[in-house]
Each structure stands twice: as structure tokens, then as C-alpha cells.
Amino acid sequence: MKKILSLFLALVAVLSLVSCKKDEPRTYVVDGEFTAYVAHDNDGALQLTWVTVTIENDEIKSFYIDQLQSKDGQWNEKTKKELGYKYGMHQYTAQIFADLKDDANAAVLEEYKAWLKANEKLEWHEQATLIEERFLTTLDVNTNNEGYIQGITNVTIKDNQYIALAKKAVENAKAGIVNVFDANVYDGKLNLTSASAKVNAEGKLSEVKIDELQTTEGKWNAQTKQQLGYKYGMHQYTAQIFANLKDDANAAVVEEYKTWLKDNGQLEWFEQVDALAAAWLGGANVSNIASVTGVTIKDSGYSKVLNALLSEGWSR
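Residues numbered from 1 in each chain as written. Predicted model: local features only at pLDDT ≥ 70, side-chain atom pairs only at ≥ 80, totals over all residues. Heavy atoms only, no water.

**Q** Whenever I open this one, the sheet that holds strand β7 (residues 205–213) confuses me. Can you help?
**A** Backbone-to-backbone hydrogen bonds pair the strands of a sheet. The strands run either parallel or antiparallel. Taking strand neighbours across the sheet as the criterion, the three strands line up as β5-β6-β7 in an open arrangement whose pairing is antiparallel. Each having just a single partner strand, β5 (177–186) and β7 make up the two edges of the open sheet. Sheet twist, expressed as the mean angle between neighbouring strand axes with direction ignored, is 15 degrees. (Pairing = 2+ DSSP bridges. Helix = DSSP H or I, 4+ residues; strand = E, 2+ residues; numbered from the N terminus. Axes fitted to C-alpha atoms, helices over the stretch in contact; angles between N-to-C directions.)

**Q** Would you mind going over the sheet that holds strand β3 (residues 59–71) with me for this structure?
**A** Across the sheet, which stays open at both edges, the four strands sit in the order β1-β2-β3-β4 with antiparallel pairing between neighbours. The strands lining the two open edges of the sheet, one partner per strand, are β1 (32–42) and β4 (74–75). Looking at chain direction, strand β2 (residues 45–56) and β3 are connected through ten bridges and run antiparallel. Within β3, the residue paired with Thr52 across the bridge is Tyr64. The strands that helix α5 (residues 162–175) touches are β1, β2 and β3; relative to β2, the one it contacts most, it runs at about 45 degrees. (Contact = heavy atoms within 4.5 Å.)

**Q** It is not clear to me how helix α3 (residues 106–118) should be interpreted in this structure. Could you clarify?
**A** The periodicity of an α-helix, 3.6 residues per turn, causes residues three or four positions apart to be oriented the same way. In a regular helix each residue adds 1.5 Å, so 13 residues correspond to 18 Å; α3 covers 18 Å between its end C-alpha atoms and thus fits that length. Buried residues of α3: Val108, Leu109, Tyr112, Trp115 and Leu116, and no others. Down the axis of α3, the buried set is contained in an arc of 120 degrees. They therefore lie on one face. Exposed and oriented more than 90 degrees from the buried face of α3 are Ala107, Lys117 and Ala118. Note on α3: the residue one or two positions beyond its end, Glu120, has a positive phi of about 55 degrees. (Expected span 1.5 Å × (residues − 1). Buried < 20%, exposed > 50% of the residue type's maximum accessible area, 1.4 Å probe, protein only. Arc of directions from axis to C-beta.)

**Q** Got a minute to help me understand the pattern of salt bridges in this structure?
**A** Once their charged atoms are close, side chains differing in charge can pair, the charge on each being opposite to the other. Overall, the coordinates contain 14 salt bridges when judged by the stated rule. In this structure, the salt-bridge partner of Lys61 is Glu56, at a minimum N-O distance of 3.2 Å. A salt bridge links Asp103 to Lys86; the nearest nitrogen and oxygen atoms lie 2.5 Å apart. Highlighted residues: Asp103 in the loop between α2 (80–83) and α3 and Lys86 in the loop between α2 and α3, separated in sequence by 17 residues. (Salt bridge = Lys/Arg side-chain N within 4 Å of Asp/Glu carboxyl O.)

**Q** Please clarify how unusual backbone geometry should be interpreted in this entry.
**A** With glycine set apart, most residues show a phi of negative sign, and most peptide bonds adopt trans. Even without being glycine, Asp58 reaches a positive phi, approximately 65 degrees. With respect to the helices, strands and loops of the structure, Asp58 is situated in the loop between β2 and β3. Despite not being glycine, Asp187 has its phi angle at roughly 55 degrees, a positive value. If you trace the backbone, Asp187 turns up in the loop between β5 and β6 (189–199).

**Q** Help me understand the packing of aromatic side chains, please; the structure alone is not making it clear to me.
**A** Here the distance between the centres and the angle between the planes together describe a pair of aromatic rings. Taken as a whole and judged by the stated rule, the model has ten aromatic pairs. Centroid distance Trp50 to Phe181: 5.2 Å. Interplanar angle 70 degrees. Geometry classified as edge-to-face. Of this pair, Trp50 sits in strand β2 while Phe181 sits in strand β5, placing them 131 residues apart in sequence. On the basis of relative accessibility, which here comes to 12%, the residue Trp50 falls in the buried class. Given a relative accessible area of 24%, Phe181 falls into the partly exposed group. Pairing Trp124 with Tyr162 gives two aromatic rings, centres 6.3 Å apart and planes at 65 degrees, and the pair type is edge-to-face. (Phe/Tyr/Trp six-rings, centres within 6.5 Å; stacked < 30°, edge-to-face > 60°.)

**Q** Please explain the nonpolar core as it appears in this structure.
**A** Where a protein is soluble and globular, its nonpolar side chains tend to be buried together. Phe34, Ile131, Phe135, Leu276 and Leu309 are the most contacted members of the largest nonpolar core, which totals 55 residues. Broken down by element, the residue count for this core peaks at seven residues, all from α5. Leu48, Trp50, Leu68 and Leu213 belong to the second-largest nonpolar core, a separate cluster that totals nine residues. (Core = buried A, V, L, I, M, F, W, Y, C linked by side-chain atoms within 4.5 Å.)

**Q** I keep staring at the pairing of β1 and nothing clicks. Help me out?
**A** Regular strands have side chains that alternate between both faces of the sheet. Relative to β2, β1 runs antiparallel, the two sharing eleven bridges. Looking at the pairing, Glu33 lines up with Thr54 of β2. Hairpin connection from β1 to β2: two residues lie between these consecutive antiparallel strands, with Asp43 at a positive phi of about 55 degrees.

Spelled out as C-alpha cells, the structure:
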């Protein structure tokens with residue numbers, strides 16, 4: 001009888017623990033992947049850097065660091081992680097001058113890998129993996145005065161905003177903020193199209209926003225189109241507004257422009273993508289964005305990033 005009673009009490013204790021854990025508030029809104037990214041300049045070339053944190057059972061399971069670089073006004077076909085050893089961060093030190101990215105150079109690639117091993121060097125993707133593993137322990141990773149990461153054995157690269165992005169990705173997971181982006185070329189210029197949203201505990205999206213960051217003369221613009229608002233002025237020349245709308249001293253001209261938009265039944269860029277996002281969130285198929293009332297802009301990746309939100313496993 002005592003044995004049965006002991007088993008019963010043990011079962012009650014287990015069920016109580018499960019119930020308590022179930023009722024505990026979550027640290028992260030929902031399980032899934034949450035990304036933080038930045039568009040920046042690296043040695044005179046445009047670059048995208050991002051960190052993704054994966055949440056499982058309300059705990060951090062993994063981090064993922066990657067970068068996409070550009071060359072001669074074009075985005076590279078592969079990210080640094082996708083290139084792997086073919087990225088060749090030590091290739092010139094190793095005096096490997098052949099194109100490692102050329103599949104015909106398989107023997108040269110093996111030569112490079114052998115050099116890495118013999119000289120106890122790690123390629124970029126291997127070092128990124130070590131940083132990801134350290135992030136599982138702590139996000140308080142130190143750098144020296146020159147920006148090189150300290151305290152992780154065999155990591156010799158600079159912190160190219162990895163630490164800050166990892167912290168931001170975790171913040172996004174706690175707040176339920178999801179981000180997707182698409183690096184593209186529009187009108188001959190490098191371009192970044194993105195979508196962000198809030199996600200709830202059931203994985204349902206809300207507050208969807210489309211944005212775009214353009215470049216001028218090979219440099220990222222200081223503000224996105226959403227940040228510019230009416231100052232982006234997509235109709236300003238049609239409206240014969242030739243003043244610089246972005247100049248804060250031109251407040252009166254901005255008001256003149258807004259009046260022209262209203263009188264002529266036109267929507268500014270941010271108003272059009274907001275209408276597009278709302279239609280999509282409501283279940284519309286926006287593969288042809290012109291089907292959405294009031295949308296006259298070309299699709300430079302807007303439908304792509306919207307659908308990418310669903311590919312992340314969320315619902316609308």
C-alpha cells in the first residue's frame with residue numbers, strides 16, 4: 001500500500017511540475033527563426049550581414065551568421081557560408097592565386113584546404129561556426145581596439161557587426177518581430193527589398209511592412225523609402241515639384257506635394273506598399289501587384305519578400 005501511495009505522490013508531483021511549466025510565461029513569443037540584418041559598406045563594397053537565432057521549446061537552439069558581398073555593382077551569387085572553402089580568406093597568404101570558385105580548380109581547392117590544415121588556419125565559415133557556438137554560451141563577446149574578436153580559440157576575424165546582430169536577433173525573438181529580405185538589382189543599382197511583421201504565439205502575422213533601401217553612386221542611402229515617407233517623392237516631377245523634398249527646410253514644399261497627391265488621387269510609395277501588404281495579409285494573391293487597388297509601382301521583389309514570410313512557417 002505504501003508503494004502504491006509513493007507512486008501516486010510521485011505522479012502528482014510530475015503532473016504539477018508539467019502544469020507549472022505550461023503556465024509559466026514564455027521568454028520568446030513563439031518557436032521559430034528570427035533574423036537581424038544590416039546593409040553596410042565593407043572595404044568600399046556593399047555588403048549584407050545577418051544573424052538568425054532559432055528558438056525551440058522556448059529556448060535558443062542555434063545561431064547562424066552569414067554575409068553576402070558585392071563586386072563590380074553586382075551581388076555575388078553565393079553567400080560566404082555557401083562558398084565555404086571557396087571563399088578563400090587566406091588564399092593569398094597561402095599563395096593560391098587560382099580562382100577557387102571555379103569548379104575546374106578542384107585540385108587547387110584541395111591544395112588550399114591542405115595548407116589551412118598544415119598552418120592551423122580556419123576558413124571564414126569555420127570561424128563563423130565557432131562564434132555561433134560561443135553565442136550559445138554568451139552574447140557578451142569581446143573585441144580589441146581594432147575590432148578583432150577576442151577569447152574564442154582559432155577565431156581571427158573582425159567583428160563585422162555579428163555580436164550586435166546576434167543580440168538584436170534575440171530581442172526580435174522576444175518581441176515576435178520577423179524579418180525577411182531580398183538583395184537584388186533594380187534599374188542597374190544594388191537594392192535591398194525587405195518585409196517585417198509581428199508574429200503571435202500561434203504563429204500568425206500582423207503589422208506587415210514592406211521596405212526598400214536603395215543605393216546612390218555605389219553607396220547605401222541614409223534612409224529607407226518608408227523612413228523617407230512623402231520625402232521620397234515618387235511623383236514629384238509629374239507634380240512639377242523640383243525642390244529637394246528631403247531638405248528639412250522645405251517643409252512647405254512637402255505640404256504642397258501632399259496636397260497635389262490628394263488632389264490628383266495619387267499615392268506615395270509607402271502608401272502603395274502599405275496597401276499591398278494589407279491586401280496580402282488579408283489573403284490576396286499579389287503575384288501581380290497591379291491587381292491591388294491604388295498600386296502602380298513595379299514589383300522589385302515586394303511579392304517575393306511577402307511570400308518569404310510564409311516560407312518561414314508563419315501564417316496570415
